[in-house]
Amino acid sequence: MNKQVVSGILLLDKSQGISSHSALAKAKYLFKSDCQDSKKAGHTGTLDPMATGLLPLCFGEATKFAQYGLDADKGYHAIIKLGVQTDSGDADGQVIAHQAVPAFVQETLDGIASQMMGQIMQTPPMYSALKKDGKKLYEYARQGIEVEREARPITIHQLRLAKIGDDEVMMNVICSKGTYVRVLGESVAEALGTVGHLTQLRRTLTGGFDVADAIGLSVLEALPMSQRLARLLPIDAMLTHLPILSIDETQKSRLKLGQRLNVKDKLAALPTFDELLLVRLYADGVFIGLGELANSGRLQPKKLVS
């Protein structure tokens, strides 16, 4: 019997103490059955084991479009503990330094938040999955080896810092992909004249999704299969920021064969753009994939649903 491939996006609320990889493996198991195949799956941006919150999981055809979730801005809620530094920047690491915490007021935090807004440079931490010479940085870190890392541009869209104790700061941030919130927490502590690390980290937003709409693994497991499947969002749910281009069945067939189309007559209905525009393609209201549209009106298939 041919199994039906499970396709769609699950908004998972990851719990603390489990890796993103393990959370994905458990979710794949929960969608597996005698008539369903859930082997093809991936997530859109790793959360550390200590971190909780929103982890969109892509199944089946949705995995083709996971990149657009990885590229999305993300929102986080965090608690920074001042005066104590760890090697990983969070509570899972080993304490490597203590430092006195100067007295500070809310106005000081408001000033720091203001200075960190916009595009800033950030050096990735050693405890990260980035690779150097084919080896992950955290593998070097576990051997006590520190390697040189280049600072990278990130964008802080929103940053709110609030004093919740003499040695604790609450941080809410919306930032670009590639931002390490642990490093941001250390930078806040440094700006206050001390050291610090994260004791809590929760992802609240990513790519237009909100953690309020996510489900935990234990809750998912308690549901019958029909209700688990009902939790899956459509495969195009991560692409709502892209403009729509409607095509007919003949054009759909040609695109499926890899052919280019001339859709110059449809340009007027789309936003103005310079050279190329990524568009969502629909035939009779059904999502068929992504296309790349040139300002000449030439449309070519980019990623199509099987």
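As shown above, the structure is provided for reference.
Think of each chain on its own: its residues are numbered from 1, step by step along the sequence as written. Local features are withheld for residues below a pLDDT of 70 in this predicted model, meaning they are given only at 70 or higher, and side-chain atom pairs are given and counted only at 80 or more; totals for whole chains, interfaces and linings count all residues. The basis for every side-chain value is the complete set of non-hydrogen atoms in the structure, without hydrogens or water.

Turning our attention to the sheet that holds strand β16 (residues 244-247). Each strand in a sheet pairs with its neighbour through backbone hydrogen bonds, running either in the same direction (parallel) or in the opposite one (antiparallel). Any two strands with at least two DSSP-identified bridges between them are counted as paired. In this text, helices come from DSSP runs of H or I with a minimum length of four residues, and strands from runs of E with a minimum of two, each type numbered from the N-terminal end. One open sheet accounts for 5 strands, arranged β16-β18-β19-β20-β17; its pairing is mixed. Of all the strands in the sheet, just β16 and β17 (261-262) have a single pairing partner and so form its edges. Strand direction decides the pairing type here: β16 and strand β18 (residues 276-283), joined by 4 bridges, are parallel. Bridge pairing in β18 links L245 to L281. Contacts are assigned to residue pairs with any non-hydrogen atoms lying within 4.5 Å of each other. The axes used here are C-alpha line fits, helices contributing only the stretch in contact, and every angle between their N-to-C directions lies in the interval 0 to 180 degrees. The sheet contacts of helix α8 (residues 249-256) involve β16, β17, β18, β19 (286-294) and β20 (298-304), and relative to β20 the element is tilted by about 65°.

A few words on the side chain of K74. With respect to the helices, strands and loops of the structure, K74 is situated in strand β6 (residues 74-82). Each residue gets one of three labels from its accessible area relative to the maximum for its type: buried under 20%, exposed over 50%, partly exposed in between, using a 1.4 Å probe on protein chains only. The charged-residue count follows a simple rule in which Lys and Arg add positive charge and Asp and Glu add negative charge, with His and chain termini not counted at all. Within this document, salt bridges are pairs made up of a side-chain nitrogen of Lys or Arg and a carboxyl oxygen of Asp or Glu, the two lying within 4 Å of each other. Buried and without a salt bridge, K74 has D71 as its closest oppositely charged side chain, separated by 7.3 Å. Polar contact is the term for a pair of N or O atoms within 3.5 Å; when the atoms are in protein, one must be able to donate a hydrogen and the other to accept it, and sequence-neighboring residues count only if both atoms are side-chain atoms. Of the polar contacts made by the side chain of K74, one reaches the backbone oxygen of A72; its length is 3.1 Å.

Even without being glycine, D133 reaches a positive phi, approximately 55°. Position of D133 among the secondary structure elements: in the loop between β10 (131-132) and β11 (135-136). With a phi angle near 55°, D284 is a residue other than glycine that sits in the positive phi range. Position of D284 among the secondary structure elements: in the loop between β18 and β19. Judged by relative accessible area, which is 67%, D284 ranks as exposed.

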